[in-house]
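Architecture at a glance
So the chains spell out like this:
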Amino acid sequence: MGMRELDNDSDSVVVIGSGLAGLTAAATAAREGRSVTVVEAHIEGGRARTDERNGYRFNQGPHALYRGGRGWRILRDLKVTPRGHQPPLRGAHVVRRGEKVHLSGAAMGSLLAKLVTASPAKWTGRCAEEWVQSLGGAPEVVQLARMGIRVSTYVADLEHMPADLAISQAKLGLRGGVSYLDGGWATLVDGLSSAASSTGAAIRIHESAIGIERCTDGWEVTLGGGEVVSARSVVIATGGPDAARSLLPVDPCWPELGPPVTAACLDLGLQGCRPPVMFGLDEPLYLSRHCPPGDLAPEGGAVVHVMRYGARDARLDRIELRTYARLAGISDDHIVEERFLAAMVVTHLLPSIEHGLAGRPGVEVPAAPGIYLAGDWVGTSGWLADAAMASGQRAGMLATRASSRPPLRPKVA
Ligand SMILES: Cc1cc2nc3c(=O)[nH]c(=O)nc-3n(C[C@H](O)[C@H](O)[C@H](O)COP(=O)(O)OP(=O)(O)OC[C@H]3O[C@@H](n4cnc5c(N)ncnc54)[C@H](O)[C@@H]3O)c2cc1C
């Protein structure tokens, strides 16, 4: 069967998925004058959505933006200004054996000094647990180091976490700090969406892409309702590798990819209670108050996220998180809104110790020129949302370039 000619703009880009990765790609390509269409199966934002309940705004579990990260710079470049506050760490507790304990300043000082001088490159090819063990000193320092890596990477299984990535991420947190965003991460989604649409991108929600096929001048994306949209280049930003693979018209020949990083989350809207931040020393648990100081709740209210790094059985996780909330002084009477998220995918790919971030699939798909991938499992740059936006930006730039060239002639076997 002969290939169809493109019948719409020769510079067109279709972006599939409107999470941070897809919106970054769309805003990047639209700014360069490409004709961009974003198709989104649900509503905009993906895991960066913020849901409002009774005046309480919940991100999908606790979300903190790294001020020194790639994402921050990309957002600023696209004229999106994140506004927020530093975490309220004053009065924070650590929890050991189910009890709040005072943390010795000496242990903290000793760890910070070791972190400042640690060189990620020296630890390439080794696991984060090895680095932690190398710190020596009091057991408290070791536990504290594990806790610090969990908090900055969301990974609890340090034997399978590349040490260089863990150290870099902890240093990033230490250097620039993080921001809890006023209005939640929806402000990033809205900002990127406006950046894309103000330069002409069309964003079509409740439209699923179900297949991509070659045509003479590029690609045809088939939507769930049967419509076919033609494009010179396509960005697949659908969340994880399985969703991308199911759309790719070629076998991407990825080696075996690592597992996802998961978490169980309890999001709470409170009245009459402002609990302190609590970090689990011996258990992968965490409780953080995002408001106040952030603007996420009605007058006098608070928003708190309780989380277990590494989701297990949903029922057990929920009980454990509720117990943890009680330890912070939160009683049933304080809870106005409650949402449990059982097994959230924090990032779709934990890189291998051997290859680290270099082992993640690339933005380009060599067997399908003109198709690009973006997401928190793609490319060699960044971690979590930083990776989603870094790969989104690169995909948007490559799609821009591909769409300004003469028609691509993919190699057909
Ligand atoms: C509990 C939790 C806490 C987190 N905390 C942080 C944090 O503190 N800091 C940080 O940097 N990151 C954090 N993250 C990670 C961050 O949220 C993600 O890395 C980022 O939002 C991923 O964006 P994405 O665009 O790659 O994917 P997604 O947000 O998953 O977006 C994919 C989009 O594609 C759409 N889609 C899928 N298939 C199709 C299809 N066939 N057709 C059309 N559309 C489709 C989906 O509906 C979705 O909207 C956290 C994540 C979780 C779950």
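Residues numbered from 1 in each chain as written. Predicted model: local features only at pLDDT ≥ 70, side-chain atom pairs only at ≥ 80, totals over all residues.

Concerning the sheet that holds strand β12 (residues 218–223)
Spatial ordering of the open sheet is given by β11-β12-β13, a layout of three strands whose pairing is antiparallel. Each edge of the sheet is formed by a strand with only one pairing partner; in this case those strands are β11 (209–215) and β13 (228–231). Strand-to-strand, the axes of this sheet are offset by a mean angle of 25 degrees, without reference to chain direction. (Pairing = 2+ DSSP bridges. Helix = DSSP H or I, 4+ residues; strand = E, 2+ residues; numbered from the N terminus. Axes fitted to C-alpha atoms, helices over the stretch in contact; angles between N-to-C directions.)

Things to note about the site of the ligand
Near the ligand you find 37 residues, and of these Gly17, Gly19, Gly46, Gly61 and Ala385 are the closest. Every element with two or more residues in the shell around the ligand is listed here: α1 (20–31), β2 (35–40), β15 (261–271), β19 (335–347) and α10 (385–404). Considering each element in turn, the shell around the ligand owes the most residues, four residues, to β19. Looking at the shell around the ligand residue by residue, the class counts come to 19 nonpolar, 14 polar and four charged. (Near = placed C-beta within 6 Å. Nonpolar A, V, L, I, M, F, W, Y, C, P; charged D, E, K, R; others polar.)

Points about the sheet that holds β15
Within the open sheet, the seven strands sit side by side as β8-β7-β16-β17-β18-β15-β19. Their pairing is mixed. Both outer strands of the open sheet, β8 (99–101) and β19, are each paired with one neighbouring strand and no more. Across the sheet, the mean angle separating the axes of adjacent strands is 25 degrees when strand polarity is ignored. The pairing of strand β7 (residues 93–96) with β8 spans three bridges and is classified as antiparallel. Bridging from a neighbouring strand, arginine 96 pairs with glutamate 99 of β8. Packing against the sheet, helix α9 (residues 314–327) makes contact with β7, β8, β15, β16 (278–280), β17 (285–291), β18 (301–309) and β19, and its axis sits at approximately 45 degrees to β15. (Contact = placed C-beta atoms within 7 Å.)

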